[in-house]
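A closer look at the structure
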Amino acid sequence: MNSTVGIDALAFAGPAAFVEMTDLAGARGVDPAKYLKGLGQRRMAIASPCEDPVTMATEAARRAMQGFGIEPEEIGTLIVGTETGVDHSKPVAVYLHELLGLDRRCRTFETKHACYGASAGLTASMDWIASGRARGRKALVVASDIARYGVGTAGEPTQGAGAVAMVVADKPRLLALDSTRIGDYTRQVMDFWRPLYSKYAFADGQYPIECYLDALRGAREDAVGEGGALLENLGACLYHVPFVKMAFKAHQREMEVELGRSLSKDDNDAWRRLTDSYQRLTSPWLGLNAEIGNIYTGSLFLSLIDLLRQAAATLSGHEISMFSYGSGCGATYSIGRIEESAAEWRHALDPAEQLAARRRLTIAEYEDLIEQSERADTVERLDPAQYGLAGGLYYLGTRDHVRQYAQG
Ligand code: CAA
């Protein structure tokens, strides 16, 4: 390993309500197996009008800082990655800066590149630390998004919402990243996008999947070279997860790159090798993605949380790979090592309690929430209690063009 910089603290925060995939399938007249097995999703988190990228990001950041004993004055850079920002000009990050009580001597900005924004923030933070500019301070990088495709669309079962906060530091407690094995990839493609006038994203059918897999090959090659036998030496392979089945397609592509040929089910031995490798390296860490849905730029890091909460002790000292993809498109493939101390912190990053407290929405309630969210920016006074919310930070509406937030 050629670096001692990496992820020192990690936490998730998301909406208080969810939709069960079997309920959605019933309402849309679709075989539930398509959502459960075909896409691999069990539930999707749904944000109410009072839960937005600012409130989710702040909550995740508070959990990461409090859970890992990090004081506001230790943070010298704050980056929020989001593709669902709340303003064309003002960054979500500057709201967080105030809400978290961070020091004024802090570099604060927002990054947008579809699901790649937080990964760009992570590598930028590593560079900031490695350059010596951090002067012993840490960086806070938060991924926060609401994935919406619209009622009745093909993308509907792959929605979700949530935020993941990471503190990036020298000598990290959780995961050290190898700065010499980080590979990048960029290509202009119209696979998935959301024009300024639309609350909903557009995706060009199966084309985003093709672009994702091309980018995986390109970024991996830039990180570790062509082909090679990397997988058998890794403890886990994590991917950007727009829906769980995508991680299988990604793992298949990685193995094809290693073997230098395409794989199909007819090729019994090779297919068994692929499914065994997937069961060992990827599938055990997709539980949170299946429960929460696509959270765009935080999706990869949701898998990392799942891995660390379950296997930080058994995989201590092992190397893992992480692939981040943002439509449009940009990607990064990186190699990291799970630190010995990670096992001590697994309770601090486990969101099991939050998830158990969520409320199941009926499909009528879900559709109503989506409709109300459409108008949330033009409403002067929202009431969190109306959505069963209490005790958190909530968005209360926009007055005189100024967004209002309050601790409930
Ligand atoms: N039982 C079991 N499986 C079934 C089934 C059934 N009854 N019916 C269908 N399936 C399977 C299909 O065979 C298919 O599996 P394979 O891909 O392994 O063949 C799977 O279920 C999905 O079926 P379709 O491809 O027919 O589904 P669709 O066309 O209706 O929609 C989608 C799929 C294109 C992903 C759509 O959900 C979508 O547009 N999602 C949003 C875009 C997206 O997430 N793209 C992913 C890459 S882009 C990215 O990564 C950035 C990002 O975060 C958005």
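Described below are features of the structure shown in this document. Model, not experiment: these values are computed from the prediction.

Criteria and cut-off values
Residues numbered from 1 in each chain as written. Predicted model: local features only at pLDDT ≥ 70, side-chain atom pairs only at ≥ 80, totals over all residues. Heavy atoms only, no water. Salt bridge = Lys/Arg side-chain N within 4 Å of Asp/Glu carboxyl O. Helix = DSSP H or I, 4+ residues; strand = E, 2+ residues; numbered from the N terminus. Buried < 20%, exposed > 50% of the residue type's maximum accessible area, 1.4 Å probe, protein only. Phe/Tyr/Trp six-rings, centres within 6.5 Å; stacked < 30°, edge-to-face > 60°. Patch = residues over 30% accessible without salt bridge, like charges linked within 9 Å, V, L, I, M, F, W, Y side chains within 5 Å. Areas by Shrake-Rupley, 256 points an atom, 1.4 Å probe, with all protein chains shown as cover. Lys, Arg positive; Asp, Glu negative; His and termini not counted. Charge placed at Lys NZ, Arg CZ, Asp CG, Glu CD. Contact = heavy atoms within 4.5 Å. Pairing = 2+ DSSP bridges. Axes fitted to C-alpha atoms, helices over the stretch in contact; angles between N-to-C directions. Near = heavy atom within 4 Å. Polar contact = N/O pair within 3.5 Å; in protein donor to acceptor, adjacent residues only side chain to side chain. Nonpolar A, V, L, I, M, F, W, Y, C, P; charged D, E, K, R; others polar.

Take the pattern of salt bridges next. In the structure shown here, the tally under the stated rule is 29 salt bridges. A salt bridge links Arg272 to Asp269; the nearest nitrogen and oxygen atoms lie 3.6 Å apart. You can see Arg272 and its partner Asp269 sitting in helix H8 (residues 268–281), 3 residues apart, about one turn around the helix. A relative accessible area of 48% places Arg272 in the partly exposed class. Here Asp377 ties to Arg403 by a salt bridge, and the two come within 3.1 Å at their closest N and O atoms. With Asp377 in the loop between helix H13 (363–375) and strand S15 (393–399) and Arg403 in strand S16 (residues 402–407), the pair connects residues that are 26 residues apart, well separated along the chain. Note on Asp377: relative accessible area 35%, which makes it partly exposed. The class for Arg403 is buried, based on a relative accessible area of 13%. A single salt-bridge network, built from bridges that share partners, covers Glu20, Arg42, Arg43, Glu291 and Arg358.

Okay, the packing of aromatic side chains next. In total, this model carries 10 aromatic pairs according to the counting rule given. Plain terms: the ring middles of Phe68 and Trp345 are 5.0 Å apart, the flat faces sit at 20° to each other, and that makes the pair stacked. Here the residue Phe68 occupies a position in the loop between helix H3 (53–67) and strand S4 (75–81), and Trp345 occupies one in the loop between strand S13 (330–338) and helix H11 (346–349), the gap between them amounting to 277 residues. Owing to a relative accessible area of 2%, Phe68 belongs among the buried residues under this scheme. Ring plane angle 75° and centroid distance 5.7 Å describe the contact between Phe192 and Tyr296, whose orientation is recorded as edge-to-face.

On the surface, Asp184, Glu221, Asp222 and Glu226 cluster together to form a negatively charged patch. Relative to the helices and strands, Glu221 is located in helix H6 (residues 207–224).

Inspection of the secondary structure puts Gly392 in the loop between H13 and S15. The spatial distance from the C-alpha of Gly392 to the C-alpha of Ile75 is 23 Å, given a sequence separation of 317 residues. In this structure, Gly392 is in contact with Ala406, Gln407 and Gly408, ignoring residues within four places of it in sequence.

Turning our attention to the sheet that holds strand S7 (residues 160–170). Within a sheet, adjacent strands bond to each other through the backbone by hydrogen bonds, running parallel or antiparallel. In space, the 9 strands of this open sheet follow the order S5-S4-S6-S7-S1-S8-S13-S12-S11, with mixed pairing throughout. Of all the strands in the sheet, the pair left with one neighbour each is strand S5 (107–111) and strand S11 (236–239). The mean inter-strand angle of the sheet, taken between neighbouring strand axes irrespective of direction, is 25°. As defined by bridge partners, strand S6 (residues 138–147) adjoins S7 across 9 bridges and the pair is classed as antiparallel. When the sheet's bridge partners are listed, Ser144 is paired in S7 with Ala163. Contacting strand S8 (175–186), S11, strand S12 (319–326) and S13, H6 runs over the sheet at an angle of about 125° to S8.

Turning our eyes to something else, we now look at the sheet that holds strand S14 (residues 359–360). Spatial ordering of the open sheet is given by S3-S2-S14, a layout of 3 strands whose pairing is mixed. Each edge of the sheet is formed by a strand with only one pairing partner; in this case those strands are strand S3 (43–46) and S14. Bridge analysis of strand S2 (residues 17–20) against S14 gives 2 bridges, and the strand direction is parallel. Bridge pairing links Phe18 to Arg360 in S14. Those strands touched by H13 are S2, S3 and S14, and its axis lies near 40° from that of S3.

Surveying the vicinity of the ligand reveals 23 residues, the closest of which are Lys34, Gln206, His240, Lys245 and Lys249. The separation between an oxygen atom of the ligand and a polar side-chain atom of Lys245 is 2.8 Å. Within the side chain of Asn294, one N or O atom sits 3.0 Å away from an oxygen atom of the ligand. Relative to its unbound accessible area of 1,100 Å², the ligand is 72% covered by the protein chains. Mapped onto the shell around the ligand, the elements with two or more residues apiece are helix H2 (32–38), H6 and helix H7 (244–259). Residue composition of the shell around the ligand, by class: 11 nonpolar, 8 polar and 4 charged.

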